[in-house]
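One letter stands for each residue in the lines below.
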Amino acid sequence: MTDARTHLDTLDKLMADLGQALAARDWDAMARLNGQVKPCLAPVMAALESGDLDPEPVRTRLAELQQFVDAANDSAVRARAEAEQALKGVNRNRSAAKAYQNVSSNRPK
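All values reported here derive from a predicted model rather than from experimental measurement.

## Focus on the nonpolar core
Within the largest apolar cluster, 15 residues are counted, with the highest numbers of intra-cluster contacts made by Leu14, Leu18, Met30, Val37, Leu65 and Phe68. Elements represented by at least two residues in this core include exactly α1 (2-24), α2 (27-49) and α3 (55-105). The residues contacting Met30, other than those within four sequence positions of it, are Leu18, Ala21, Leu22, Phe68 and Ala72. Among the nonpolar cores identified, the runner-up in size contains six residues, and Leu8, Val44, Leu53 and Val58 belong to it.

## Describing the pattern of salt bridges
Close approach of charged atoms allows side chains of opposite charge to pair. Here the structure, examined in full by the defined rule, presents five salt bridges. Two residues, Asp17 and Lys13, come together in a salt bridge whose shortest N-O distance is 2.8 Å. Here Asp17 and its partner Lys13 are both found in helix α1, four residues apart, which amounts to about one turn of the helix. Asp17 sits in the partly exposed class, given a relative accessible area of 22%. Between Glu56 and Arg59 there is a salt bridge, with its nearest N and O atoms 3.2 Å apart. With Glu56 and Arg59 both in helix α3, this residue pair falls three residues apart, about one helical turn.

## Concerning α2
For an α-helix the count is 3.6 residues per turn, leaving residues at separations of three or four pointing the same way. With 23 residues, α2 should cover 33 Å at 1.5 Å per step; its first-to-last C-alpha distance of 33 Å lies within 8% of that length. The principal kink in α2, of about 25 degrees, is found at Gln36, preceding the proline Pro39 by one to four residues. Count one or two residues on from α2 and you reach Gly51, which has phi positive near 85 degrees.

## So, the confidence of the model for the protein chain
Looking at the protein chain, the pLDDT average stands at 88 and 94% of residues meet or exceed 70. Mean pLDDT across the elements of the protein chain ranges from a minimum in α3, with 86, to a maximum in α2, with 93.

## Notes on the environment of Asn34
Mapped onto the elements, Asn34 comes out in helix α2. For Asn34, a relative accessible area of 54% corresponds to the exposed category. Through-space distance from the C-alpha of Asn34 to that of Gly19 is 11 Å; in sequence the pair is 15 residues apart.

## Let's talk about the packing of α2 against α3
Packing of α2 against α3 leaves a shortest axis separation of 12 Å and a crossing angle of 160 degrees. Looking at the two axes, α2 sits roughly antiparallel to α3. In the crossing of α2 with α3, the sense of the turn from one axis to the other is left-handed. Contacts between α2 and α3 involve Trp27, Met30, Val37, Leu41, Val44, Met45 and Leu48 on the former and, on the latter, Pro55, Val58, Leu62, Leu65, Phe68, Ala72, Ser75, Ala76 and Ala79. Counted by class, the contact of α2 with α3 contains 15 nonpolar, one polar and no charged residues.

The rules we used
Residues numbered from 1 in each chain as written. Predicted model: local features only at pLDDT ≥ 70, side-chain atom pairs only at ≥ 80, totals over all residues. Heavy atoms only, no water. Core = buried A, V, L, I, M, F, W, Y, C linked by side-chain atoms within 4.5 Å. Buried < 20%, exposed > 50% of the residue type's maximum accessible area, 1.4 Å probe, protein only. Helix = DSSP H or I, 4+ residues; strand = E, 2+ residues; numbered from the N terminus. Contact = heavy atoms within 4.5 Å. Salt bridge = Lys/Arg side-chain N within 4 Å of Asp/Glu carboxyl O. Expected span 1.5 Å × (residues − 1). Bend = angle between axes of the 7 residues up to and from the residue. pLDDT = per-residue confidence, 0-100. Axes fitted to C-alpha atoms, helices over the stretch in contact; angles between N-to-C directions. Parallel < 35°, antiparallel > 145°, perpendicular 65-115°, else oblique. Left-handed = near helix turned anticlockwise from the far one by under 90°. Nonpolar A, V, L, I, M, F, W, Y, C, P; charged D, E, K, R; others polar.

Printed below as a string of structure tokens:
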């Protein structure tokens, strides 16, 4: 049971780290931590299947993990939309600068 509890503690720590990375919008950390989820969940699920863990704490953590995934997805969609808008702004500014350059260089002297 101690090993099973250790697996839950490890999952709790990973979820806390994921939450901090999401709050900081640290996409590199999110990607790194995301790769740790499956290896972290495997021993928890094995302990659950072997009866070493009560299902309720596992169910609670899985629900929290799902909420986190949903929040991370929403945040990523918003960040992508913000980046798109920023790129459109850059392109508009570039087009305006080019148009100004064309107009100003074609003035009669």
